Amino acid sequence: PIGGPQTSLAPAKTKTSRWPRNSMVADSSGTVLVTGASGYIGSHIVANLLSRGLSVRATVRDSSDPERVSHLESLSVSDGGSLEIVEMDLLDSESVQRAVAGCDSVIHTAAVVVLKSKRAQEKIVDPSVVGTRNVLDAIDASGTVRCLVHTSSTAAIRPSSWKDGQTLTTDTWADDATIEENPYGLAKYSAERLVRDWHSTKDGVRMVTINPCVVLGPPLSKRHLEGSPSFLMMLLRREIPFVIPMHISIVDVRDVAEAHVRALTKGEDAGRYLVVSGQMWWKEIARAINSDNPSLRVPTRQIPYLLSLVVSVFHPKVSLSWARMHLGKRLFWDASPAERDLGMKWKDPRESVLETIPPILENGWK
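Attention in this report is confined to the structure presented alongside it. Worth saying up front: this structure is predicted, and the values here are computed from it rather than measured.

Spatially, 3 strands are ordered β9-β10-β12 in an open sheet, and the strand pairing comes out mixed. Looking at which strands have only one partner, the edges of the open sheet turn out to be β9 (214-216) and β12 (278-281). Each strand axis lies, on average, 50 degrees off the axis of its neighbour in the sheet, ignoring direction. Both strand β10 (residues 247-252) and β12 contribute to a ladder of 4 bridges, which runs antiparallel. When the sheet's bridge partners are listed, S249 is paired in β12 with Q279. Along the sheet face, helix α8 (residues 282-292) touches β10 and β12 and points at about 85 degrees away from the line of β12.

Here the focus is the side chain of N293. Inspection of the secondary structure puts N293 in the loop between α8 and α9 (305-313). The exposure class of N293 is buried, given its relative accessible area of 16%. Beyond its immediate chain neighbours, meaning those up to four positions away, N293 contacts I357 and L361.

A separate point is the packing of α8 against helix α12 (residues 349-362). Where α8 contacts α12, the axes come no closer than 10 Å and their chain directions differ by 55 degrees. One finds that α8 runs oblique with respect to α12. Once α8 is placed against α12, the crossing between them reads as right-handed. Contacts between α8 and α12 pair I285, A288, I289, S291 and D292 from the former with R350, V353, L354 and I357 from the latter. For the contact of α8 with α12, a count of residues per class yields 6 nonpolar, 1 polar and 2 charged.

Here we come to the pattern of salt bridges. Evaluation of the coordinates by the stated rule reveals 12 salt bridges. For E355, the salt bridge is made with R254, and the minimal N-O distance between the two is 2.6 Å. With E355 in helix α12 and R254 in helix α7 (residues 253-263), this residue pair connects regions lying 101 residues apart in the sequence. A salt bridge links R340 to D341, with the shortest nitrogen-to-oxygen separation between them at 2.9 Å. Judged by its relative accessible area of 58%, R340 is exposed. Counted as one network, the salt bridges with shared partners bring together R52, E258 and R262.

V34, V46, L49 and I210 are the most contacted members of the largest nonpolar core, which has 49 residues in total. For this core, the element with the highest residue contribution is helix α1 (residues 40-51), accounting for 7 residues. With near-sequence residues (within four places) excluded, L49 lies in contact with V32, V34, L54, V56, I107, V261 and L264.

Position of S277 among the secondary structure elements: in the loop between β11 (271-275) and β12. Sequence-wise, S277 and A335 are 58 residues apart; in three dimensions their C-alpha atoms are separated by 7.8 Å. In this structure S277 touches I250, V251, W346, K347 and P349, once residues within four positions along its chain are discounted. Within the local environment of S277, its side chain forms a polar contact with the backbone oxygen of K347, the two atoms lying 3.5 Å apart.

Another point: unusual backbone geometry. Of note, the phi angle at R238 is positive, near 50 degrees, even though the residue is not glycine. Residue position: R238 is located in the loop between α6 (230-236) and β10. By relative accessible area, R238 is classed as partly exposed at 44%.

Turning next to a nonpolar patch on the surface. A cluster of nonpolar residues, L307, V310, V313 and F314, forms a patch on the protein surface that exposes about 420 Å² of accessible area. Here L307 falls in the partly exposed class, since its relative accessible area comes to 41%.

Applying the stated criterion to the full structure yields 1 cavity of 30 Å³ or more. Considered as a void within the structure, the largest cavity measures approximately 40 Å³ in volume. Looking at the largest cavity, the residues that line it are H108, T109, A110, A111, S128, T132, H150, T151, K188 and A191. When contributions to the lining of the largest cavity are tallied by element, the ones reaching two or more residues are α4 (120-142), β6 (147-151) and α5 (183-199). Taken together, the residues of the lining of the largest cavity break down into 3 nonpolar, 6 polar and 1 charged.

Reading the values: rules and limits
- Residues numbered from 1 in each chain as written.
- Predicted model: local features only at pLDDT ≥ 70, side-chain atom pairs only at ≥ 80, totals over all residues.
- Heavy atoms only, no water.
- Pairing = 2+ DSSP bridges.
- Helix = DSSP H or I, 4+ residues; strand = E, 2+ residues; numbered from the N terminus.
- Axes fitted to C-alpha atoms, helices over the stretch in contact; angles between N-to-C directions.
- Contact = heavy atoms within 4.5 Å.
- Buried < 20%, exposed > 50% of the residue type's maximum accessible area, 1.4 Å probe, protein only.
- Parallel < 35°, antiparallel > 145°, perpendicular 65-115°, else oblique.
- Left-handed = near helix turned anticlockwise from the far one by under 90°.
- Nonpolar A, V, L, I, M, F, W, Y, C, P; charged D, E, K, R; others polar.
- Salt bridge = Lys/Arg side-chain N within 4 Å of Asp/Glu carboxyl O.
- Core = buried A, V, L, I, M, F, W, Y, C linked by side-chain atoms within 4.5 Å.
- Polar contact = N/O pair within 3.5 Å; in protein donor to acceptor, adjacent residues only side chain to side chain.
- Patch = residues over 30% accessible without salt bridge, like charges linked within 9 Å, V, L, I, M, F, W, Y side chains within 5 Å.
- Areas by Shrake-Rupley, 256 points an atom, 1.4 Å probe, with all protein chains shown as cover.
- 1 Å grid on protein atoms, 1.4 Å probe; cavity = no way out; pocket = protein on both sides within 12 Å on 5 of 7 lines; lining within 4 Å.
- Points joined across faces, edges and corners; volume = space filled by probe spheres on them.

Shown next, in the form of structure tokens:
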């Protein structure tokens, strides 16, 4: 079971809706809306909620795409629960309002996980900021939503400059992020600030943000490999003959889902919770995979720091400035507030790494 105990499991009760443009949704009291439900984190949140017998409305961009919906439709539903899959375009305010209407709670995970693009404003920043604005407006229009849990990121916390070995807390903001150097950080920072500014003017609406780092654990769809697990896929496909000296903060996707669900009822109003289980060097990750799956023969040799800087110049997804800041350095995070307020206990990072692999091999996604 994902995210908690399950009882009396039954086949998923699902309904896919393709709403007419001007129609509204009937009242669905007690329903939890999960935006970005086909995504890596969103899918596990849906699974967690259904395991508890809750009513879930899950938004997807295209309900005719099997890679977006088939894994949701196959989820088990505990007694009393139900799953409704609806189409929603985060940048279409009308479709967002239709999705939110009648819901009691919103877990907003929908975002783009792209670190670098020639059209960063359009491809990275707007989906987070404009999309989040549409969700907030829809909550205002609904009159029914009493709780918003927003998926932010450690990218909204980490400033451009930090010291090797430093531990960051939720008191820190990535307020120096720019569209040129750190568009993803700018997107996550701006979206979370937007949510917090909005919440400061509201009465009767609870709000919590969850800030995960690199998320690993069992993918439920091939599409999930395009996010955080993509660096593991580089190893599995042997796209590179070496690893670079990168210190990676890890959290299990099932723990991230659990934190979101707990935040519906636990934690402080306006709470900001880092969800991080620990760190591993990339070479340690590669060696763990090799030890558990020797037939994969993933590369484990780490190249020196200076050579890794040269490699970064030719890499399409990273910049030299990013490499200079991150490679060869260790950064830590204080996740104790989530342990204290949400009662979280973390899966070991090595376990999360290794449990990412079997679904990939079993489904032929490698």
